[in-house]
Amino acid sequence: MWQSLGRFIIKYRLPLLLLLAGLTVFMGYQASKVELSYDFARAIPVNNPKYKEYQEFRKKFGEDGNLLVIGIQTQKLFDQELFNSYASLQRNLKKIKGVDDIISIPTAVNLVKIPETEKLRADTIFPERALSQSEIDSGAAVFLSLPFYRGLLYNRDTHAWLMGVRINKDLMASKGRIGIVQNINQLADEFGSANNLTVYKSGLPHIRTELSVRIVNEMRMFILASIILSALILLIFFRSLTAMWLSLAVVFIGVIWSFATIHLCGYKISVLNALIPPLIVVIGIPNCIYFLNKFHTAWNETGDKKKSLVMMVDRMGVVTLFCNLAAAIGFAVFALTQSQILKEFGVVAGINIMALFFISLLFIPAVLSFLPPPKSRHTKYLDNARLKRWLDRLERWSLNHRRLIYAVTLGIVAISIAGIFKLKTRGFIVDDLPKEDKIYTDLRFFESNFKGVMPLEIVVDTKKKRGVLNLNNLERIDSLSQFLAGMPGIARPLSITEGLKFAKQAFFEGDTNSYSMPSAYDLPALSQYLSMKGDSGNPRNSFAKLVSTFMDSSKQQARISVSMADVGSNRLPLMLDSISNRAEELFDKTKYDVQLTGTSVTFLEGSHYIINGLKDSIIWAFVLIALCMLYLFRSARILFCSLIPNIIPLLITAGLMGWTGIPLKPSTVLVFSVALGIAIDVTIRFLINYKQELPRNNYDMKTTVIETIHSTGISIIYTSMVLIAGFVIFCFSGFDGTKALGWLTSLTLVTATFTNLVLLPAILISFVRIKK
């Protein structure tokens, strides 16, 4: 079959190349349409209850993750020059297209009672103009006397000050977000430079935008670096510009197809599928090396170019098919998970790894048929004396030191298993950023001074229209708010009750002692406050606009909005359980419905889906690859022998993670399925060659193993070096998760190369008996 296919490709080489060129042009057009994803990791299935609750919350109360915060730390904020500069920053930020509102000290309002009407009026504390020192001092005295703003806009103990910039929710999910955030950052940095202050920036808009920009930049860098590195390795191996450009053309076509597939599937570039194009380069080059290696070997044997090309397809077609199939399975199993972002990664990677096989199969022999035959210097690597000496050593180890190999392997496995028991699962929203990264350190500033910026939302449904206005319900909401305020890692909550306390303080002439829940006697007098309407064009009503978001239009549901620290996936469930238990004590389940939602909750749910999905994907990868191996070799004993050299590297990697304290998280669990799918290639190539050589050596086991080590060893070492070098590139990422993918996968591949060239031959000689 494969011989016939080889002749077909040579015979119809020109039409096939034209067809491939036409498809690539079409794919290139589709690739030009691919877009960057501006959504946070879409880890939760759309039919998940937590996802539905979050979407329902956003419909009723708006976006919870559209507040960008700017922080400074100084004892001189109310000095004339600095304060006027701070107020000017606020006014300039408000002019940026896409900024809906700004919550800050210069725009802070005070509720003032009008004696004639006994009603409340919202007045700005600081007039919107350049102020004198006496005006600033007067306003500061009023502002600092209002408990409502403590812990919200300032921390009086650390002299930290916060400005919140609310970005239009429609622009948050568009490309326009990048320009808005960059303009905000520029103005904030200019303010810091002018006043010799460190400016801290955080909040989900800032974090998401910065990560999106970095993803694109790193994707470009990795594609370029992987191509350059692959070109150098190919040039060193083959000493041929033709072989180098031929291989680069294959992966270049593969990269174009990968971008096109993202668009054709209706996906966008995310933090995960941005890794696919450079992975295509890394995985595609070994295909080229194996084809070229077999072509050069056949050329040395026959001296006939056409016959050599047919032999190349005949010998390497089935090998490369199953190697790519195994690698594709290693990635495609992610499509079986319930996490949307993993599904996209699995679908695109699986399709394009298989596409690489067909590109290589058609392009390489067709182009080589037009080129002159290889010169002696191009095949000189086949007689590499140093590599042959190493292969001789591997041969001696496999034949003469099998007991030592087994003993060392068992010892390493035992240590690795002990390390596996030390593995822990842990994740953070900004988990993959280095601890010295500006995004990370700025986030920690807000956590230490304002207890965090990550949104947590609690929705209390009274199941009655205007039920929120019931005093008993308000007291329950306030009691839950006070419980939240006492929890470590959670900032002072905002709810309708905080607004009522502010209103009560105003009714009692601004007495700070009156900042408390109104009594049954006070509540009717404050009812007009509950109906205050916000006007986006009137800064005096920005406070009313803020508090109006804490009830729905029917006043049936109340919202408690909390900012919290990025406490991680281990601590967060305990905190949510504690909040849920307190809510159940306060609100009877038969009369009320209390929901915990927001970005923090969806992050936790998403982490669980990703971790569990990745664990399931490893099992699926083993099962599907095992079925492929069983079909290929028709032997349960060969199947068993083939899996051992690939399970051991995974055990070693997992054990090392346990001993070094690297946690299981989305970015690190990804390593195992990916590495298994790639590492099994070496096993397939070794065993298929072993199977092909066995009849030629009259079924002599030892002779066949020796022959296989020498015939496949050079190409296995070369391709392993390419793969390892390709994944090492990821170690230069600015994301710890991508770094982990790089060095952990490289470690797994190094180990797999040794187990397949040393342990696998020993196992074949010791335990496999072939019937003639």
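All of these numbers come straight from a predicted model, not from anything done at the bench.

Cut-offs applied
- Residue positions are given per chain, counted from 1 along the sequence in the order it is written.
- Local features in a predicted model are, by the rule used here, given only for residues with pLDDT of at least 70; side-chain atom pairs are given and counted only at 80 or more, and totals for whole chains, interfaces and linings are based on all residues.
- Just so you know, side-chain values use all the structure's heavy atoms and leave hydrogens and water out.
- Under the DSSP-based scheme used, a helix requires at least four consecutive residues in state H or I and a strand at least two consecutive residues in state E, with every element numbered from the N terminus.
- Any residue under 20% of the maximum accessible area for its type is buried, any over 50% is exposed, and the rest in between are partly exposed; the area is computed with a 1.4 Å probe on protein chains only.
- Should any heavy atoms of two residues lie within 4.5 Å, those residues are counted as being in contact.
- We get accessible surface area from the Shrake-Rupley algorithm with a probe of 1.4 Å; when it comes to residues, only the shown protein chains can shield them.
- Side-chain atoms within 4.5 Å are what join buried Ala, Val, Leu, Ile, Met, Phe, Trp, Tyr and Cys residues into a set we call a nonpolar core.
- When a carboxyl oxygen of Asp or Glu lies within 4 Å of a side-chain nitrogen of Lys or Arg, that pair is called a salt bridge.
- Where helices are involved, their axes are fitted lines through C-alpha atoms of the stretch in contact, as for all axes, and angles between N-to-C directions lie from 0 to 180°.
- Roughly parallel here means an angle under 35 degrees, roughly antiparallel means over 145, roughly perpendicular means 65 to 115, and every remaining angle is called oblique.
- Note on convention: near helix rotated counterclockwise from far helix by under a right angle means a left-handed crossing. Clockwise means right-handed.
- Gly counts as polar in this scheme, as do all residues outside two lists: the nonpolar Ala, Val, Leu, Ile, Met, Phe, Trp, Tyr, Cys and Pro, and the charged Asp, Glu, Lys and Arg.
- By convention, a stacked pair of Phe, Tyr or Trp rings (six-membered ring in the case of Trp) has centres within 6.5 Å and planes under 30 degrees apart, an edge-to-face pair has planes over 60 apart, and any other such pair is tilted.
- We call a charge positioned above a ring when the Lys NZ or Arg CZ atom is no farther than 6 Å from the ring centre and deviates by at most 35 degrees from the ring normal.
- Two axes enter the definition of the bend at a residue: one is fitted to the seven residues ending there, the other to the seven starting there, and the bend is the angle between them.
- Residues adjacent in sequence count toward polar contacts only when both atoms are side-chain atoms; beyond that, a polar contact is any pair of N or O atoms within 3.5 Å, and within protein one must be able to donate a hydrogen and the other to accept it.
- Any two strands with at least two DSSP-identified bridges between them are counted as paired.
- Expected helix span is given by 1.5 Å per residue-to-residue step, counting one fewer step than there are residues.
- Arc definition: it is the arc formed by the directions from the helix axis to the C-beta atoms.
- What makes a patch is a set of residues exposed beyond 30% relative accessible area and free of salt bridges, joined within 9 Å when like-charged and within 5 Å when nonpolar (Val, Leu, Ile, Met, Phe, Trp, Tyr).
- Charged residues are defined narrowly, with Lys and Arg counted positive, Asp and Glu counted negative, and His plus the chain ends left uncounted.
- Charged groups are reduced to one reference atom each: NZ for lysine, CZ for arginine, CG for aspartic acid, CD for glutamic acid.

A. Molecular detail of the overall build of the protein. Within the protein, the regular secondary structure consists of 24 helices and 10 strands. Its C-alpha atoms give the protein principal-axis dimensions of about 110 × 50 × 45 Å. For the protein, with 772 residues in total, the buried portion stands at 58%. Summarising the internal contacts of the protein: among those between residues at least 6 apart in sequence, 80% fall at separations of at least 24. As displayed, the protein offers around 32,100 Å² of accessible surface, 58% of which is attributable to carbon and sulfur atoms.

B. Representation of the nonpolar core in the model. In this structure, Phe78, Phe143, Tyr149 and Ile184 are the most contacted members of the largest nonpolar core, which totals 259 residues. Residues contacting Phe78, with those up to four places away along its chain left out, are Phe83, Ile105, Phe126, Gln133, Ile136, Asp137, Ala140, Phe143, Leu144 and Trp161.

C. Spatial organisation of the pattern of salt bridges. What the rule picks out here adds up to 12 salt bridges. For the salt bridge of Arg214 with Asp437, the shortest nitrogen-to-oxygen distance reads 2.6 Å. Taken together, the residues span a long stretch of sequence, with Arg214 in helix α8 (residues 204-238) and Asp437 in the loop between α14 (402-420) and α15 (438-450) at a distance of 223 residues. Here Arg214 falls in the partly exposed class, since its relative accessible area comes to 22%. On the basis of relative accessible area, Asp437 is assigned to the buried category, the value being 12%. Arg492 serves as the salt-bridge partner of Glu498, at 2.8 Å between the closest nitrogen and oxygen.

D. Expanded view of the environment of Lys307. Along the polypeptide, Lys307 turns up in helix α11 (residues 305-332). Taking the C-alpha atoms as reference points, Lys307 and Lys424, separated by 117 residues in sequence, lie 56 Å from one another.

E. Representation of the packing of helix α19 (residues 571-586) against helix α20 (residues 599-633). Following both chains from N to C, one finds α19 and α20 inclined at 125 degrees, their axes separated by 11 Å at the closest point. One element, α19, and the other, α20, form an angle in the oblique class. Remark: the crossing between α19 and α20 carries left-handed chirality. Facing α19, whose interface residues are Leu572, Pro573 and Leu576, α20 presents Ser600, Val601, Phe603 and Leu604. Looking at side-chain class alone, the contact of α19 with α20 contains six nonpolar, one polar and no charged residues.

F. Geometry of unusual backbone geometry. Positive phi is not limited to glycine here, since Lys451 has a value of about 65 degrees. Mapped onto the fold, Lys451 is located in the loop between α15 and β8 (454-461). By relative accessible area, which is 37% here, Lys451 ends up partly exposed. Backbone geometry places Lys463, a non-glycine residue, at a positive phi of 65 degrees. Mapping Lys463 onto the fold places it in the loop between β8 and α16 (471-485).

G. Examining the packing of aromatic side chains more closely. One pass over the structure, following the stated rule, counts 23 aromatic pairs. Ring centres of Phe148 and Tyr149 lie 5.2 Å apart, and the angle between their planes is 90 degrees; this geometry places the pair in the edge-to-face category. Taken as a pair, Phe148 and Tyr149 share a single burial class, namely buried. An aromatic cluster is built from Phe78, Phe83, Phe126, Phe143, Phe148, Tyr149, Tyr154, Trp161 and Phe502, whose rings are joined through pairwise contacts. Directly above the ring of Phe370 sits Arg13, whose terminal nitrogen or CZ lies 4.1 Å from the centroid. Geometry around Phe148 places Arg492 over its ring, the cationic atom sitting 6.0 Å from the centre.

H. Structural view of α11. Within α11, the axis deviates most sharply at Met316, by approximately 45 degrees. Most of α11 is tucked away, with 21 of its 28 residues classed as buried. Two to three positions downstream of the cap, the backbone nitrogen of Lys306 sits 3.0 Å from a side-chain oxygen, assigning the N-cap of α11 to Asp304.

I. Spotlight on the packing of α8 against helix α10 (residues 276-302). Where α8 meets α10, the closest approach of the two axes is 9 Å, and the angle between their N-to-C directions is 15 degrees. With respect to α10, the axis of α8 lies roughly parallel. Here α8 runs over α10; the crossing is right-handed. Across from Phe222, Ile223, Ser226, Ile227, Ser230, Leu234, Phe237 and Phe238 in α8, the residues of α10 making contact are Pro277, Pro278, Val281, Ile285, Ile289, Leu292 and His296. The residue inventory of the contact of α8 with α10, partitioned by class, reads 12 nonpolar, three polar and no charged.

J. Region of the structure containing the environment of Met564. If you trace the backbone, Met564 turns up in strand β9 (residues 557-564). When neighbours within four sequence positions are excluded, Met564 is seen to be in contact with Lys451, Gly452, Val453, Met454, Leu456, Gly489, Ile490, Leu572, Met575 and Ser600.

K. Focus on the sheet that holds β8. With antiparallel pairing, the three strands of this open sheet are ordered in space as β9-β8-β10. In the strand order of this sheet, the two ends are held by β9 and β10 (593-597), each with one partner. Across the sheet, the mean angle from the axis of one strand to that of its neighbour is 15 degrees, orientation sign disregarded. Relative to the sheet, helix α3 (residues 49-61) contacts β8, β9 and β10, its axis offset from that of β10 by approximately 95 degrees. Sheet strands in contact with α20 are β8, β9 and β10, and its direction is about 105 degrees off that of β8.

L. Spatial organisation of helix α5 (residues 133-144). The end-to-end C-alpha distance of α5, which contains 12 residues, comes to 16 Å, matching closely the 16 Å that a straight helix rising 1.5 Å per residue would cover. Along α5, the positions that sit buried rather than exposed are Ile136, Gly139, Ala140 and Phe143. Around the axis of α5, the buried residues are gathered within 105 degrees of arc, so they sit on the same side. Structurally, α5 contributes buried residues whose contacts are with α4 (80-95) and β5 (154-155).

M. Molecular detail of a positive patch on the surface. Judged by side-chain charge, Arg386, Arg389, Arg393 and Arg396 come together as a positively charged surface patch. You can see Arg389 is positioned in helix α13 (residues 385-400). Arg389 sits in the partly exposed class, given a relative accessible area of 45%.

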